[in-house]
Amino acid sequence: EAASRWRAEVEARAAPADVTARQTRLAAAFRAAIGPFPDRVPLDARVTGRVEKRGYAVEKIVYTSQPGVFVTAGMFLPDASRFPAPWPAVLVACGHAEVGKAHDSYQRAAALLATNGIAALLFDPVGQGERRQIVDARGKPVCEKCTQEHTSLGAALIPLGRNLAGLMVWDGMRGIDYLASRTDIRGDRLGCMGNSGGGTQTAYLMALDDRVFTAVVSCYLASLQGLLPRTIGPQDAEQNIFGQLAFGMDHADYIVMRAPRPTLVCAATQDFFDIRDTRRAVADARRVYELFAVGDRLAMTEADAKHGFVQPLREAACRFLLRWLADRDQAVAEPPGLEVLSVAEMACLPQGSVLTLPGARSCVDLAAAEARRLAEVRGAGLPPKTLRERARARSGMRPAGAPAAPSRVTVVSTRNEGDVRVERLGIETEPGVVLPGELWTPAAGGPSSGTEPRDVVFVAGDGLTGAAAAIGEIVAAGRRVLAVDPRGMGGTRPAPQQYFDVARHGPNGQDFYLAYLLGQSIVGMQADDIVACGRWLAAADTATVASPAEQAPQPIALVAVGLATVPAVHAAAVHPEVFASCRCEAPPRSWSSYVQDGPLAGQPLPLASLVHGALLDYDLPDLMALTAPGR
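Here the structure is a predicted model, which is why all the values come from computation and not from measurement.

S.K.: Could you clarify how one ought to interpret the overall build of the protein chain in this entry?
M.R.: If you tally the helices and strands in the protein chain, you get 21 helices and 16 strands. Over its C-alpha atoms the protein chain spans a radius of gyration of 28 Å, differing by no more than 12% from the 25 Å that the globule rule assigns to 631 residues. The buried share of the protein chain, taken over its 631 residues, is 59%. Long-range pairs, those at least 24 residues apart, make up 72% of the contacts in the protein chain between residues at least 6 apart in sequence. On the protein chain, roughly 23,200 Å² of surface is accessible, and the fraction owed to carbon and sulfur atoms is 53%. Positive and negative charge centroids in the protein chain, built from 64 and 67 side chains respectively, lie 3 Å apart.

Below, the structure written as structure tokens:
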């Protein structure tokens, strides 16, 4: 549905004014989704070393992007005897290489520019090279791969309403500040270039920073509409922008948002980014460039290769940048003897980590400080009515005026557990979403206390399997129990998905980010499942399970265990007319505690348990207090 809306909007544009208005709208939505940028502080840039290579030199640079946040970079400088300064310059963003700026192909791209008269600043992104952020007491990275670290950092930022992309974009913008501050650089001739994850950063920077006159994106631009269902699906935290599909921004729009400035798209025909999607994205953007009568400013080049910044793409990138930044349209060939630096030579710091610098703050520190600030701002919390509505809105649960009960409940099988009848159910909470459930009905009896509801909805983070003992204890008190697995838990839990560490991020990583791109949350969907089950149980006749009786709904109790407590407290808080109480057993401490301690302590909290921006309004204990028995 989002793809259809996007296609209709793209093809409806007919005038430059329409494009300009859309550029403004998308840029505002994009910036809001990744979170606010910090204030600019002095760069305090310093050169920590210099390495001479044949045809160019590399200065080792450390600059400050925000207080306590240090960025390590290599400044590739042309030979002044061949190319007198000031030079045009390009910011080079790294892809997902563990060694960051020391990666061979990224160094070769920067060196090729320098040997042709363009300076290049190649910087380490957070989580890579000398900027690993999640380390143990000995300074050793906790996460095996930088992609896992990115996802862990991203998870800590999600409850704050922020995105790792915001930190990465800001580091890049401060890199552009650094280039513009140098007297040997032409501040009016600046570009940006990157491959893979560096292509992601370049796409963002070229769309949001007008100082990027010329941009080259390699092995990234394609289409979310193709990537999500057909190829590898959602990936790292910074590559998934909250609500991106909902507010209508696809890959082609990164180009459209910067029109009419020169842009080159590099692609590999054997990439996991489908070449058909890349060609279509460029074709969509080209219509805008032609509308502005600058069709020659958008180009695409292809290499018959797998994913990577291979030599033909590097050469094409250098040629395009020379044309638009240095006014030289000439063929470029990478010399066979081009030298690059070793990892040790490329290091800016003797300790190899920015976190060893005095006053250094990691991204985890930044997130923890913001969590503490928001807790102070929230203070005593919201009034109950407001809290209920904010929890509904943040989690993306159905509007209050649109309650839903299951469209169909099917009895799959029946068995007896002593004097208790257990009916295995298929509960369709919305078309195509069928949940496994069990209705445990005692032969006789009632609640152990006159103040407790007779009926209970039971959900457990680990699912129905293994929950029989806990369910049996409730049933033994004479209470009827509907045990159900909300989507993504127990019997509906997906197989582990690539790019995500199941121990840290849970099995639902790609499902979570698909919902995230649509501006939704798995928590909200699971909460709606629980509410639907509660509504059905409140009206279900004790004798005929599949056919609710015509009777007044009865109050329901909700019991949740483990991670199921997160959607459960949302369900109970938003719909007190359905649930008279909610008892949480072994819940996570809070989102705030996870943001402040989780990434460093290895505290797991699956992505599917997060709600974007929730901490701006409430934390999990706020909902638990609102839904506790006897509140």
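S.K.: How do you make sense of the sheet that holds strand 10 (residues 408–417) when you look at a structure like this?
M.R.: Neighbouring strands of a sheet are bound in pairs by backbone hydrogen bonds; such pairs are parallel or else antiparallel. Spatial ordering of the open sheet is given by 10-11-12-14-13-15-16, a layout of seven strands whose pairing is mixed. Strand pairing shows two members of the sheet lacking a second neighbour, strand 10 and strand 16 (579–585), which therefore form its edges. Sheet twist, expressed as the average angle between the axes of neighbouring strands with direction ignored, equals 20°. Summarising the sheet, strand 10 and strand 11 (residues 420–430) pair through nine bridges and their orientation is antiparallel.

S.K.: Explanation requested: the pairing of strand 13 (residues 455–460) in the structure shown.
M.R.: Within a regular beta strand, the side chains point alternately toward one face of the sheet and then the other, so they alternate between its two faces. Counting buried residues along strand 13, six of its six residues qualify, which places the element largely inside the surrounding structure. Read as a crossover between parallel neighbours, the route from strand 13 over helix 15 (residues 468–475) to strand 14 (residues 480–484) is right-handed. By the bridge criterion, six bridges tie strand 13 to strand 15 (residues 556–561) in an arrangement that is parallel. The residue of strand 15 that forms the bridge with Asp-455 is Ile-556.

S.K.: Just to check I follow, could you spell out the state of the cysteines for this structure?
M.R.: Defined simply, a disulfide is a covalent bond joining two cysteines at their sulfur atoms. Scanning the model with the defined rule gives zero disulfides in all. A disulfide-free cysteine, Cys-533 has its sulfur positioned 14 Å from the sulfur of Cys-582, the nearest such atom. Among the cysteines around Cys-584, which has no disulfide bond, Cys-582 carries the closest sulfur, lying 4.0 Å off. Residue Cys-584 is classed as partly exposed on the basis of its relative accessible area, which comes to 22%.

S.K.: What is the right way to read the packing of aromatic side chains from this model?
M.R.: Centre distance and the angle of the planes are the two values used to describe a pair of aromatic rings. On inspection of all chains with the given rule, the structure shows 14 aromatic pairs. Seen from their ring centres, Tyr-56 and Phe-76 are 5.6 Å apart, and the 20° between their planes marks the pair as stacked. Of this pair, Tyr-56 sits in strand 2 (residues 56–66) while Phe-76 sits in strand 3 (residues 69–78), and the two are 20 residues apart along the sequence. Their ring planes at 55° and their centres at 6.4 Å tell us that Phe-320 and Trp-324 sit as a pair that is tilted.

S.K.: Is there a simple way to think about the packing of helix 18 (residues 522–539) against helix 19 (residues 565–574) in this case?
M.R.: The packing of two helices is summarised by the inter-axis angle and the distance between the axes. Two elements in contact, helix 18 and helix 19, have axes separated by 8 Å at closest approach and are oriented at 60°. Compared by their axis directions, helix 18 and helix 19 come out oblique. Judged by the twist between their axes, the crossing of helix 18 over helix 19 is right-handed. Listed contacts from helix 19 to Val-523, Gln-526, Ala-527, Ile-530 and Val-531 of helix 18 are Val-566, Pro-567, Ala-568, His-570 and Ala-571. Class assignment for the residues of the contact of helix 18 with helix 19 results in eight nonpolar, two polar and no charged.

S.K.: Honestly, the pattern of salt bridges in this entry has me stumped. Any pointers?
M.R.: As a working rule, side chains carrying opposite charge can pair if their charged atoms are close by. Inspection of every chain in the model, using the stated rule, returns 51 salt bridges. With its nearest N and O atoms 2.9 Å apart, the salt bridge here joins Asp-104 to Arg-108. With Asp-104 and Arg-108 both in helix 3 (residues 104–114) and four residues apart, the pair spans about one turn of that helix. The salt bridge partner of Arg-162 is Glu-370, with a shortest N-O separation of 3.4 Å. Residue Arg-162 is found in the loop between helix 4 (146–157) and helix 5 (164–181), and its partner Glu-370 is found in helix 13 (residues 363–378); the two are separated by 208 residues along the sequence. Judged by relative accessible area, which is 24%, Arg-162 ranks as partly exposed. Among the charged side chains, a network of salt bridges with common partners joins Arg-40, Arg-174, Asp-177, Asp-209 and Arg-211.

S.K.: Explain the nonpolar core here, please?
M.R.: Side chains of a nonpolar character, in soluble globular proteins, are inclined to be buried together. Membership of the largest hydrophobic core comes to 78 residues, with the highest contact counts inside it found for Val-457, Val-459, Leu-558, Phe-579 and Trp-591. The element best represented in this core is helix 18, accounting for nine residues. Leu-77, Val-169, Leu-179 and Ala-285 belong to the second largest nonpolar core, which has 67 residues in total.

S.K.: Looking at this model, I keep getting lost on the layout of surface pockets. Mind explaining?
M.R.: To find leftover empty space, a probe the size of one water molecule is rolled over the atoms. A volume near 360 Å³ is recorded for the largest pocket. If you trace the largest pocket, you find 20 residues lining it, with Pro-38, Gln-66, Arg-162, Leu-167 and Leu-366 closest to the centre. Of all elements in the fold, only helix 5 and helix 13 reach the threshold of two or more residues within the lining of the largest pocket. A total of five residues in the lining of the largest pocket trace back to one element, the largest contributor, which is helix 13.

S.K.: Teacher, can you tell me more about the sheet that holds strand 3 here?
M.R.: If you trace the nine strands from one edge of the open sheet to the other, you get 1-2-3-5-4-6-7-8-9, paired in mixed fashion. Here the strands that pair on one side only, and so sit at the sheet edges, are strand 1 (46–53) and strand 9 (298–303). On average, adjacent strands in this sheet sit at an angle of 20° to one another, irrespective of strand direction. Lying over the sheet, helix 3 contacts strand 2, strand 3, strand 4 (87–93), strand 5 (119–123) and strand 6 (185–195), oriented at roughly 45° with respect to strand 3. Each of strand 2, strand 3, strand 4, strand 5 and strand 6 is contacted by helix 5, which is oriented at about 125° to strand 2, the strand it contacts most.

Conventions used here
- Residues numbered from 1 in each chain as written.
- Predicted model: local features only at pLDDT ≥ 70, side-chain atom pairs only at ≥ 80, totals over all residues.
- Heavy atoms only, no water.
- Helix = DSSP H or I, 4+ residues; strand = E, 2+ residues; numbered from the N terminus.
- Rg over C-alpha atoms; globule rule 2.2 N^0.38 Å.
- Buried < 20%, exposed > 50% of the residue type's maximum accessible area, 1.4 Å probe, protein only.
- Contact = heavy atoms within 4.5 Å.
- Areas by Shrake-Rupley, 256 points an atom, 1.4 Å probe, with all protein chains shown as cover.
- Lys, Arg positive; Asp, Glu negative; His and termini not counted.
- Charge placed at Lys NZ, Arg CZ, Asp CG, Glu CD.
- Pairing = 2+ DSSP bridges.
- Axes fitted to C-alpha atoms, helices over the stretch in contact; angles between N-to-C directions.
- Right-handed = clockwise from strand over helix to strand, strands pointing away.
- Disulfide = S-S within 2.5 Å.
- Phe/Tyr/Trp six-rings, centres within 6.5 Å; stacked < 30°, edge-to-face > 60°.
- Parallel < 35°, antiparallel > 145°, perpendicular 65-115°, else oblique.
- Left-handed = near helix turned anticlockwise from the far one by under 90°.
- Nonpolar A, V, L, I, M, F, W, Y, C, P; charged D, E, K, R; others polar.
- Salt bridge = Lys/Arg side-chain N within 4 Å of Asp/Glu carboxyl O.
- Core = buried A, V, L, I, M, F, W, Y, C linked by side-chain atoms within 4.5 Å.
- 1 Å grid on protein atoms, 1.4 Å probe; cavity = no way out; pocket = protein on both sides within 12 Å on 5 of 7 lines; lining within 4 Å.
- Points joined across faces, edges and corners; volume = space filled by probe spheres on them.

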